[in-house]
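# Summary of structural features
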Amino acid sequence: TSGFEFENFAQNLSRCQLGDKFFATSPFKDDGIDGFKTRINEETVVTKSGRPDIIYQYGTTEKFLEKIKSTFQDLKDKGISVTKINYYSPHSISQITKHTTALEEELDISIKIIDQAQLCTMAANNECSHIFKEFIGTMIGSIEPEDDTNLMIDYSALYLSAWYRYENKTVIFSSIVFICA
């Protein structure tokens, strides 16, 4: 499935956070722009043809630096100049601040990298919990409605488990049994 599930999850998460200001480009050919933040100027919503300047990219590659650089260059070659790239990765990225600073200096744009640790923090804080629940249900199995309302569910742990199963292509279970002390 080459990252389709993660891209769908990340787009839904971006939409949950930004609401109507977020526009997802997939499943269309997107030139490396998986989504973008719309700008509203005097009743005009800037769309893809209007050259978005804040873009969202979702990738499962561990070579995230090369992915961000190549996307930036490809867009630049097509006459699309961006001021910010928000890159979502399901992986844990060490020295994220160092990488972000180096990319910002090299590309002369703002960079925000959301990695596994930040996704787990969002899940633990119940930020857009229905998005995490949907991803977990897709990757591991369903959470029974009574479990969701009667137990405190550790979405961050379940997210990590779901991603681990996806990466390792292990069997997907039909339901989750969750015991809470």
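Owing to the predicted nature of the structure, the values given are computational and were not obtained by experimental measurement. (Residues numbered from 1 in each chain as written. Predicted model: local features only at pLDDT ≥ 70, side-chain atom pairs only at ≥ 80, totals over all residues. Heavy atoms only, no water.)

Per the counting criterion, the structure on display carries one disulfide. Each disulfide pairs two cysteine sulfurs, and for Cys-16 the partner residue is Cys-128, the sulfurs being separated by 2.1 Å. Given an S-S torsion of about -100 degrees, the disulfide between Cys-16 and Cys-128 has left-handed geometry. Taken together, the positions of Cys-16 in helix H1 (residues 4-18) and Cys-128 in the loop between helix H4 (116-124) and helix H5 (129-139) put the pair 112 residues apart, joining distant regions of the chain. (Disulfide = S-S within 2.5 Å. Helix = DSSP H or I, 4+ residues; strand = E, 2+ residues; numbered from the N terminus.)

What follows concerns the pattern of salt bridges. Two side chains bearing opposite charge may form a pair once their charged atoms approach each other closely. Under the definition given, this model contains one salt bridge. With a shortest N-O distance of 3.4 Å, Glu-106 and Lys-69 are connected by a salt bridge. With Glu-106 in helix H3 (residues 96-107) and Lys-69 in helix H2 (residues 64-77), the pair connects residues that are 37 residues apart, well separated along the chain. (Salt bridge = Lys/Arg side-chain N within 4 Å of Asp/Glu carboxyl O.)

Turning to unusual backbone geometry, a few remarks are in order. Unusually for a residue other than glycine, Asp-108 sits at a positive phi of about 60 degrees. Following the sequence through the fold, Asp-108 ends up in the loop between H3 and strand E7 (110-114). Looking at Asp-108, the relative accessible area reads 69%, which means it is exposed. (Buried < 20%, exposed > 50% of the residue type's maximum accessible area, 1.4 Å probe, protein only.)

Glancing now at the sheet that holds strand E6 (residues 84-88). Whenever strands of a sheet pair, they do so through backbone hydrogen bonds, lying parallel or antiparallel. The strand order across the open sheet built from five strands is E1-E2-E5-E6-E7, with neighbouring strands paired in mixed fashion. The open sheet is flanked by strand E1 (22-24) and E7, the only strands paired with a single partner. Each strand axis lies, on average, 20 degrees off the axis of its neighbour in the sheet, ignoring direction. Where strand E2 (residues 35-37) lies against strand E5 (residues 54-58), two bridges are found, and the strand directions are antiparallel. (Pairing = 2+ DSSP bridges. Axes fitted to C-alpha atoms, helices over the stretch in contact; angles between N-to-C directions.)

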